[in-house]
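Report on the structure
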Amino acid sequence: MAKISFKEIGLRYVFSPYVEPVTRVMPGESIILEIQDASSGQVRRREDVRDKSKIPFANPVVGPIYVENAEPGDTVSILIESIKPLEGMSAVYFLDSFEAYLTGVSLHRFMKNPLNFKTVIGSIKDGYVQLFDGIKIPYRPMLGTIAVAPHPEVESISTFKNPGPHGGNIDLPDVCPGSRVFLPVYHEGGLLYLGDAHAAQGDGEIFGVALEMSAEVSVRIDLHKGKKIEWPRLETDEELITVVTASGGRDLRAAITEAYLQLALWIEERYGLDRRDALVLLGQAGKIRIGNLWTAAAKICKSIIEKSDSHL
């Protein structure tokens, strides 16, 4: 099994079709990736400060990975097999964008009364992350960033901002071991990027930082020829999930609506249930999860549809 590490290829901060692939894989092949954390390795102790004024930037990724025989109009899927911490620790820390992320305005900065926030180092042990004052939470690893090189009209996109149909910095806790992520292909080879591992993250990633960690990630990459999708999809043992982001003039309300429409189309495609009936079903049994504050994920339990399949 091939292994690619950020230590060998360096840190990359854009999803671009113009970067030489770090490796090529055949559909059905697994690969191991070592990925750096979102602070680019700057925060390891309580006294460390994240400096975004210069390189290294935020949200480095490993890639692109070239998937053999992938062509525009196809779909690649990525089964996340495992996510293991490289250093046994994770960190939550202050960003200069914290206030704007949380409130949308900079009133505290205007009043010369900045919001104060401390760095918290979480040790990972025995299935938990130890935070502070005896408080620990379950270790629930995930990938915050997963994407293909975007549509040719877009060219290159920052790994930190502007997620979209190509994926990107969606920070969705469901992108975790056991889940399969489906992404549209815009370029020959698909050109897949992964990064931004978290030891845990709450819904909304409310101030822009989760329990960031460097990690070893094992994934299996598959190709679905002639299968075209408009937005990322996820499948777990229990759920179908469609992901839409608030970008390109779309606000979060519109992203939620579009995510449900995309899920209705997937239900029609998978189970043969008319899309309008699927939307009625989603209105009663659908669920919404907010990844970060610009990612909407619409969900449905597969058992609801599969148990009713004989009556469709």
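Up top you'll find the structure we're talking about.
Since the structure is predicted, the reported quantities are computational estimates derived from the model, not experimental observations.

1. A look at the sheet that holds strand S4 (residues 29-35)
The strand order S1-S4-S16-S6-S14-S17-S18-S20-S19 describes an open sheet built from 9 strands, whose pairing is mixed. Sheet topology places strand S1 (2-5) and strand S19 (287-290) at the edges, where each strand pairs with a single neighbour. With direction set aside, neighbouring strand axes in the sheet form an average angle of 25°. Summarising the sheet, strand S17 (residues 233-235) and strand S18 (residues 239-245) pair through 3 bridges and their orientation is antiparallel. Following the sheet pairing, Leu-234 is matched in S18 by Ile-241. Sheet strands touched by helix H4 (residues 252-271): strand S14 (180-184), S17, S18, S19 and strand S20 (295-301). Its angle to S18, the strand with the most contacts, is close to 140°.

2. Regarding the pairing of strand S15 (residues 192-198)
Of all 7 residues in S15, 7 are buried, a share of seventy percent or more. Alignment of strand S5 (residues 61-67) against S15, held across 3 bridges, turns out to be antiparallel. Within S15, the position partnered with Ile-65 by the bridge is Leu-192.

3. What to know about the sheet that holds strand S9 (residues 128-132)
Strand order in this open sheet of 4 strands is S7-S8-S9-S10, and the pairing throughout is antiparallel. Looking at the sheet topology across the chains shown, the edges are occupied by strand S7 (89-92) and strand S10 (135-138). With direction set aside, neighbouring strand axes in the sheet form an average angle of 30°. As paired elements, strand S8 (residues 120-125) and S9 share 3 bridges and run antiparallel to each other. Paired with Lys-125 across the two strands is Tyr-128, which belongs to S9.

4. Things to note about the packing of aromatic side chains
Inspection of the entire model under this criterion finds 2 aromatic pairs. Ring geometry for Phe-15 and Tyr-193: centres 5.5 Å apart, planes at 70°, overall edge-to-face. With Phe-15 in strand S2 (residues 14-15) and Tyr-193 in strand S15, this pair connects stretches of sequence that are 178 residues apart. A single burial state applies to Phe-15 and to Tyr-193, both of which are buried. When the ring centre of Tyr-66 is taken as origin, the NZ or CZ atom of Arg-24, which lies over that ring, is 3.8 Å away.

5. Things to note about the layout of surface pockets
It is the rolling of a water-molecule-sized probe over the atoms that shows where space remains empty. Roughly 270 Å³ of volume is contained in the second largest pocket. Around the second largest pocket, the lining comprises 16 residues; the ones closest to its centre are Val-92, Leu-131, Phe-207, Val-209 and Leu-211. Of the residues that constitute the lining of the second largest pocket, the class distribution is 12 nonpolar, 2 polar and 2 charged.

6. With respect to H4
Given 3.6 residues to a turn, an α-helix orients residues that are three or four positions apart in the same direction. With 20 residues, H4 extends 28 Å from end C-alpha to end C-alpha; this agrees with the ideal 28 Å at 1.5 Å per step. Residues of H4 that are buried include every one of Ala-255, Ala-259, Tyr-260, Gln-262, Leu-263, Ala-264, Trp-266, Ile-267 and Tyr-271, and no others. With a side-chain oxygen lying 3.3 Å from the backbone nitrogen of Arg-253, the N-terminal cap of H4 falls on Asp-251. Backbone geometry just downstream of H4 places Gly-272 in the positive-phi region, at approximately 80°.

7. Comments concerning the packing of H4 against helix H5 (residues 275-285)
Taken N-terminus to C-terminus, the directions of H4 and H5 make an angle of 125°; their axes are 8 Å apart at the nearest point. As judged from the angle between their axes, H4 and H5 are oblique. For the pair H4 and H5, the sense of crossing is right-handed. For the pair formed by H4 and H5, the contact residues are Tyr-260, Leu-261, Leu-263, Ala-264, Leu-265, Ile-267 and Glu-268 on the first element and Arg-275, Ala-278, Leu-279 and Leu-282 on the second. For the contact of H4 with H5, a count of residues per class yields 9 nonpolar, no polar and 2 charged.

8. Description of the pattern of salt bridges
Pairing between side chains of opposite charge can happen when their charged atoms approach one another. This model, assessed by the stated rule, comprises 21 salt bridges. Taking the shortest distance from any N to any O, the salt bridge between Lys-299 and Asp-174 comes out at 2.8 Å. Separated by 125 residues along the polypeptide, Lys-299 in strand S20 and Asp-174 in the loop between strand S13 (167-169) and S14 bring together distant segments of the chain. As far as the burial class goes, Lys-299 and Asp-174 line up, both buried. A salt bridge links Arg-276 to Asp-274; its shortest N-O distance comes to 3.0 Å. Residues joined by salt bridges that share partners form a network here, namely Asp-174, Asp-203, Glu-239, Lys-287, Arg-289 and Lys-299.

Rules used in this analysis
- Residues numbered from 1 in each chain as written.
- Predicted model: local features only at pLDDT ≥ 70, side-chain atom pairs only at ≥ 80, totals over all residues.
- Heavy atoms only, no water.
- Pairing = 2+ DSSP bridges.
- Helix = DSSP H or I, 4+ residues; strand = E, 2+ residues; numbered from the N terminus.
- Axes fitted to C-alpha atoms, helices over the stretch in contact; angles between N-to-C directions.
- Contact = heavy atoms within 4.5 Å.
- Buried < 20%, exposed > 50% of the residue type's maximum accessible area, 1.4 Å probe, protein only.
- Phe/Tyr/Trp six-rings, centres within 6.5 Å; stacked < 30°, edge-to-face > 60°.
- Lys NZ or Arg CZ within 6 Å of the ring centre and 35° of its normal.
- 1 Å grid on protein atoms, 1.4 Å probe; cavity = no way out; pocket = protein on both sides within 12 Å on 5 of 7 lines; lining within 4 Å.
- Points joined across faces, edges and corners; volume = space filled by probe spheres on them.
- Nonpolar A, V, L, I, M, F, W, Y, C, P; charged D, E, K, R; others polar.
- Expected span 1.5 Å × (residues − 1).
- Polar contact = N/O pair within 3.5 Å; in protein donor to acceptor, adjacent residues only side chain to side chain.
- Parallel < 35°, antiparallel > 145°, perpendicular 65-115°, else oblique.
- Left-handed = near helix turned anticlockwise from the far one by under 90°.
- Salt bridge = Lys/Arg side-chain N within 4 Å of Asp/Glu carboxyl O.

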